[in-house]
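Here is how the chains run, residue by residue.
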Amino acid sequence: MRHFVANVATYTIAVLLVLGSALFAWMRSAQLVLTNEHSALARYEPAPAHAFEWRELGEHSYARNCQNCHGREGQGWDEYPGLTDTARLFAAPGGREYLVALHLHGLTSPRWGAPMPPMGHLQDVELAAVLNHVLTHFGNTPPAGTRLYVPEDIAALRGQKRSPWEVNALRPGGHAQGPEE
Ligand code: HEC
């Protein structure tokens, strides 16, 4: 009888393990489908540069890829900088390239306690859209007459290889100072 009970217990545990892993696999794949942006991207590609509709994609991309660190309103927190000054960086000489390089290769600087992770896995269309979103929100106003990003701007800079420290050297307006106020 003891053996019988032990066997039943063993089989029960084995079956529960199999069911549990199947459930986990199913949840994972369902989650992947939920965060799949291909259906959203399909509506944007291929868009001619002058007709680049970035607003909806940029907003969604910000919520999915940036908000955790930079805050819902781009206010930043703890070791993550706010994004209220991004339009000024964008308008400074070299700023256009800096912001793209920062997303493609990440950023490590002495200013903040954490690195910015590379976002190069996002497609050109999504990176251009999310950059434009930041440049038009959180108090940012790009200077009148400037051209916002189009996917081609991202594509043009993809081939470069840069370390996150090299990206810091591209930052307009000095990069060597200590923590920012
Ligand atoms: C895991 C956290 C994290 C995520 C996710 C993240 N960032 Fe960052 N970001 C940082 C940190 C930390 C820095 C500062 C890095 C440094 O200076 O060393 C930074 C820096 C920046 C800067 C440059 C600020 C400056 O003053 O030079 C911009 C712009 C920026 N992030 C935008 C974004 C956008 C847009 C996204 C989403 C596509 C994003 N970040 C996703 C953590 C993150």
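Above: the structure in question.
Residues numbered from 1 in each chain as written. Predicted model: local features only at pLDDT ≥ 70, side-chain atom pairs only at ≥ 80, totals over all residues. Heavy atoms only, no water.

1. Observations concerning the coordination of the iron atom of the ligand
And then number 1: Here the iron atom of the ligand is held by His-70 (NE2) and Met-116 (SD), and the distances to it run 2.0 to 2.1 Å.
And then number 2: In this structure, the iron atom of the ligand is surrounded by six donor atoms whose angles at the metal cover 85 to 179 degrees, and the resulting shape is octahedral. One end of the pair, His-70, is in helix H4 (residues 67-70); the other, Met-116, is in the loop between helix H6 (95-105) and helix H7 (124-135), and 46 residues separate them in sequence.
And then number 3: Taking the relative accessible area as the measure of exposure, Met-116 reaches 17% and is therefore buried. (Donors = N, O, S within 2.8 Å, 3.2 Å for Na, K, Ca; no water. Tetrahedral: all angles 85-135°; square planar, octahedral: opposite > 155°, others 65-115°. Helix = DSSP H or I, 4+ residues; strand = E, 2+ residues; numbered from the N terminus. Buried < 20%, exposed > 50% of the residue type's maximum accessible area, 1.4 Å probe, protein only.)

2. Considering the packing of helix H3 (residues 55-65) against H7
The angle between the axes and the distance between the axes are what describe a pair of packed helices.
And then number 1: It is the contact of H3 with H7, at a shortest axis distance of 8 Å, that shows an interaxial angle of 90 degrees. When the axes of H3 and H7 are compared, the pair comes out roughly perpendicular. In this structure, H3 uses Leu-57, Gly-58, Glu-59, Ser-61, Tyr-62, Arg-64 and Asn-65 to contact H7, whose residues at the interface are Val-125, Glu-126, Ala-129, Val-130, His-133 and Val-134.
And then number 2: Its residues assigned to classes, the contact of H3 with H7 comprises six nonpolar, four polar and three charged. (Axes fitted to C-alpha atoms, helices over the stretch in contact; angles between N-to-C directions. Parallel < 35°, antiparallel > 145°, perpendicular 65-115°, else oblique. Contact = heavy atoms within 4.5 Å. Nonpolar A, V, L, I, M, F, W, Y, C, P; charged D, E, K, R; others polar.)

3. Things to note about the site of the ligand
And then number 1: Every one of the 27 residues lining the ligand counts as a neighbour, but Cys-66, Cys-69, His-70, Tyr-98 and Met-116 are closest to it.
And then number 2: One of the side-chain nitrogen or oxygen atoms of Arg-171 is found 2.6 Å away from an oxygen atom of the ligand.
And then number 3: Sorting the residues of the shell around the ligand by element identifies H4, helix H5 (86-91), H6 and H7 as the ones contributing at least two each.
And then number 4: Ranked by residue count, the leading element in the shell around the ligand is H6, at four residues.
And then number 5: Tallied by class, residues from the shell around the ligand come to 18 nonpolar, six polar and three charged. (Near = heavy atom within 4 Å. Polar contact = N/O pair within 3.5 Å; in protein donor to acceptor, adjacent residues only side chain to side chain.)

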